[in-house]
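One letter stands for each residue in the lines below.
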Number of protein chains: 2
Amino acid sequence: MPLIVVNEARASSQPLFVIAIQDAASAATSAMAQATIRLGQLGTFLDLVKGQGISRVALVGALPRPHLADLRLDLGAIRRLPAVLRVMGGGGDDALLRRLINMVEEREGLKVVGIHELAPSLVIKDGALTTRQAVPRDLRDATLGLELIAALSPFDCGQAVVIMDGRPVAMEGAEGTDAMLERVAALRSSGRLRVRGQRGVLVKAPKRGQDMRVDMPVIGPDTILRAAEAGLAGVAVEAGGVLVAGLQETRAAADRGKLFIHGLKATDARPS
Amino acid sequence: MPLIVVNEARASSQPLFVIAIQDAASAATSAMAQATIRLGQLGTFLDLVKGQGISRVALVGALPRPHLADLRLDLGAIRRLPAVLRVMGGGGDDALLRRLINMVEEREGLKVVGIHELAPSLVIKDGALTTRQAVPRDLRDATLGLELIAALSPFDCGQAVVIMDGRPVAMEGAEGTDAMLERVAALRSSGRLRVRGQRGVLVKAPKRGQDMRVDMPVIGPDTILRAAEAGLAGVAVEAGGVLVAGLQETRAAADRGKLFIHGLKATDARPS
């Protein structure tokens, strides 16, 4: 994802300074980065950013949930320790990142932007993206999925569910979307989920009221491949709320697997 | 479970007539049954029940979700076909069984009772069941879990979730509680869920407004074993809403694994 975002942002000739986070960034991301820091090097990060005259920063990709003991905070982080400790408190990943962003914005005068601002072309809009179209049954499953994700929102957990013929068969927890889809594939091949043909919809959406600068949901060719292996009819996302990691490759994967991808307006779903 | 329920009910000297459902009942259940029928033999079932002068029936254990094509309906079922077809329509397992119960009660004059009425001693009451006690952090996780299950209720899906330090890490879908606990164990052993020591709570509760004659949640020694393998601190259930498959064995398994089992009043949870 970071590579795709950087390429998209460069294509619109925005000046970029890329900082990789050690252990979190892939080799390819690290190779294109101008600098690499550890997660605990908040001081180095702020020095780098301010030294470059940067005023807007974006967080791209997933961060491992850190243990304070593993962080090896640098001097700049230790100087900010009370604020850092407040940030590290309980709650979901989302709450953690939101507090981190608020701290950086309020105390350091930086503006934190989302990927949807850095690379708006990666945001999935409403309507069909693929040759295969969602039929009414699929759209009913998609709508139910959006409602279910909305109901889960206050709990800061799943951004993805699988609905099959009006029945939620899988909800994403800490395992992530890929593992959830593998579970659905296993349930089908073991005969515990007995449906014939391509049936069911993977639904992804941001949590209601989610800070879009934090952990915006993403689909990509891999998602489509796993959805196909789970025997699903397609993938529905909340239009404007989900990113695509490579539109052409993702669409091509869906067309090959005869899956639909559909952007559904949140207002299409009944309020829950 | 059927064996345990039958033994408990016999202990209270209720007269029982046990009918096993082929392919769904275990060998042990079939061996103690006075009759065995296929799932599609609604006619035979009603003839048996009425021939015995039975007025109250209970459904014990899980039924495979049937495909109409596999049912091989008998004459008595075919005569009732319009009603059966209405029952077989869409929706979750719960909705299906509730319609089946309503049909049997309204059209056949039988009263359908729940396991909690047949064997009330199997219902978990409020308070601690084990040597290990839930600490305040565990009770917070338990309360959050009850709230999450309540929020999922309208979607007729999970009756079980795993909460760890205020964070929902797994929600049960079609895979069932055991597979969900195996997932949590795998997430921990792979380091994707980084918590130390026994942490987190399996929470089980009936869906809000659930018909207690249908699919009441159950815990047993196996549940405890898997919760222990997932490194959890304990198991919390909604008091009065969850059955135990063998109180002594389940408590002994928890004591061996140093887990708590705690019955939490639904009113202890904040309304969601």
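Calculation notes
Residues numbered from 1 in each chain as written. Chains lettered and ligands numbered in written order. Predicted model: local features only at pLDDT ≥ 70, side-chain atom pairs only at ≥ 80, totals over all residues. Heavy atoms only, no water. Helix = DSSP H or I, 4+ residues; strand = E, 2+ residues; numbered from the N terminus. Buried < 20%, exposed > 50% of the residue type's maximum accessible area, 1.4 Å probe, protein only. Areas by Shrake-Rupley, 256 points an atom, 1.4 Å probe, with all protein chains shown as cover. Salt bridge = Lys/Arg side-chain N within 4 Å of Asp/Glu carboxyl O. Contact = heavy atoms within 4.5 Å. Buried area = accessible area lost by both parts, 1.4 Å probe. Polar contact = N/O pair within 3.5 Å; in protein donor to acceptor, adjacent residues only side chain to side chain. Arc of directions from axis to C-beta. Axes fitted to C-alpha atoms, helices over the stretch in contact; angles between N-to-C directions. Parallel < 35°, antiparallel > 145°, perpendicular 65-115°, else oblique. Left-handed = near helix turned anticlockwise from the far one by under 90°. Nonpolar A, V, L, I, M, F, W, Y, C, P; charged D, E, K, R; others polar. Pairing = 2+ DSSP bridges. Least-squares fit on C-alpha atoms with pLDDT ≥ 70 in both. Core = buried A, V, L, I, M, F, W, Y, C linked by side-chain atoms within 4.5 Å.

Along its length, chain A carries 11 helices and 12 strands. Relative to its 272 residues, chain A shows a buried fraction of 51%. With the model as given, the accessible surface of chain A reaches about 12200 Å², and the carbon-plus-sulfur share is 53%.

Applying the stated rule across the entire model yields 20 salt bridges over all chains. Ionic pairing is found between Asp156 of chain A and Lys207 of chain A, a salt bridge with its closest N-O pair at 3.4 Å. Of this pair, Asp156 of chain A sits in the loop between α8 (136–152) and β6 (160–164) while Lys207 of chain A sits in the loop between β8 (201–204) and β9 (218–219); the two residues are 51 residues apart in sequence, bridging distant segments of the chain. There is no split in this pair, since Asp156 of chain A and Lys207 of chain A are both buried. One connected set of salt bridges, linked through shared partners, spans Glu175 and Arg183 of chain A together with Glu175 and Arg183 of chain B.

The accessible area lost on association of the parts is a frequent measure of interface size. Each side of the interface is counted separately: chain B has 31 residues, and chain A has 31 residues. Taken together, both faces of the contact between chain B and chain A bury some 2800 Å²; the carbon and sulfur share is 58%. Across the chain B-chain A interface, the total number found is 2 salt bridges. For Arg183 of chain B, the salt bridge is made with Glu175 of chain A, and the minimal N-O distance between the two is 3.7 Å. Remark: the boundary between chain B and chain A carries 6 residue pairs in polar contact (both at pLDDT 80 or more). Counting only elements with at least two residues in the side of chain B that touches chain A, the list comes to α8 (136–152), β7 (167–171) and α9 (176–189) of chain B. A total of 5 residues in the side of chain B that touches chain A trace back to one element, the largest contributor, which is α8 of chain B.

Here we take up the environment of Cys157 of chain A. Its place among the elements puts Cys157 of chain A in the loop between α8 and β6. Sequence separation between Cys157 of chain A and Gly173 of chain A is 16 residues; the distance between their C-alpha atoms is 6.0 Å. Ignoring any residue separated from it by four or fewer positions in sequence, one finds Cys157 of chain A in contact with Leu152, Glu172 and Lys207 of chain A together with Pro168 and Met171 of chain B.

Looking now at helix α11 (residues 247–257) of chain B. Residue and element names in this part refer to chain B. Within α11 the residues assigned to the buried category are Thr250, Ala253 and Ala254. Taken down its axis, α11 places every buried residue within 95 degrees of arc, on the same side. The exposed set on the far side of α11, more than 90 degrees from its buried face, consists of Gln248 and Arg256. Each element contacted by the buried residues of α11 is listed here: β9 (218–219), α10 (221–229), β11 (243–244) and β12 (260–264). Of the residues trailing α11, Lys258 is marked for its positive phi of about 60 degrees.

Quick look at the packing of helix α9 (residues 176–189) of chain A against helix α10 (residues 221–229) of chain A now. Residues and elements named next belong to chain A. Packing of α9 against α10 brings their axes to within 8 Å, and their N-to-C directions diverge by 15 degrees. Compared by their axis directions, α9 and α10 come out roughly parallel. Of the two possible hands of crossing, α9 and α10 adopt the one that is left-handed. Of the residues in α10, those touching α9 at Thr177, Asp178, Leu181, Glu182 and Ala185 are Thr223, Arg226, Ala227 and Glu229. A breakdown of the residues in the contact of α9 with α10 according to their chemical character gives 3 nonpolar, 2 polar and 4 charged.

Further remarks concern unusual backbone geometry. Residue and element names in this part refer to chain A. Even without a glycine there, the phi angle at Asp23 is positive, about 75 degrees. If you trace the backbone, Asp23 turns up in the loop between β1 (19–21) and α2 (27–32). Phi angles above zero are rare outside glycine, and Lys258 is one such case at about 60 degrees. Assignment of secondary structure puts Lys258 in the loop between α11 (247–257) and β12 (260–264). Classification of Lys258 by relative accessible area gives exposed; the value is 55%.

Further remarks concern the sheet that holds strand β7 (residues 167–171) of chain A. Residues and elements named next belong to chain A. Here 6 strands make up an open sheet; going across it, the order is β5-β12-β10-β8-β6-β7 and the pairing mixed. At either margin of the open sheet sits one strand with a lone partner, and together these are β5 (127–128) and β7. Of the pairings in the sheet, the one linking β6 to β7 comprises 4 bridges and is antiparallel in character. Across the sheet, the residue bridging to Val161 is Met171, located in β7.

Turning to the pairing of β12 of chain A, a few remarks are in order. Residue and element names in this part refer to chain A. Burial within β12 is extensive, with 5 of its 5 residues counted as buried. When β5 meets β12, the two strands line up antiparallel, connected through 2 bridges. The partner of Ala128 across the bridge, within β12, is His262. Direction of pairing for strand β10 (residues 234–238) relative to β12: parallel, over a ladder of 5 bridges. Each bridged residue has a counterpart across the sheet, and for Ala236 the counterpart in β12 is His262.

This part covers the relation of the copies chain B and chain A. With an RMSD of 0.0 Å, the fit of chain B onto chain A corresponds to turning through 180 degrees and sliding 0.0 Å along the axis. Such a combination of rotation and displacement between the chain copies is what one expects of a two-fold axis. Take the interface residues of chain B: 100% of them recur as interface residues in chain A, which is what a same-surface contact looks like.

The next point concerns the nonpolar core. Ranked by internal contacts, the top residues of the largest apolar core, which has 40 residues, are Leu148, Leu152 and Val161 of chain A together with Leu148, Leu152 and Val161 of chain B. Mapped onto this core, the elements with two or more residues apiece are α8, β6, β8 and β12 of chain A together with α8, β6 (160–164), β8 (201–204) and β12 of chain B. Apart from residues lying up to four places away in sequence, Leu148 of chain B is in contact with Leu152 and Phe155 of chain A together with Val161, Ile163, Pro168 and Met171 of chain B.

Bringing the sheet that holds strand β5 (residues 127–128) of chain B into the picture now. In a beta sheet, neighbouring strands are held together by backbone hydrogen bonds and run either parallel or antiparallel to one another. Strand order in this open sheet of 6 strands is β5-β12-β10-β8-β6-β7 (chain B), and the pairing throughout is mixed. Taken across any chain shown, the strands that pair with only one partner, and hence form the sheet edges, are β5 and β7 of chain B.

Read these as geometric descriptors, not functional statements.
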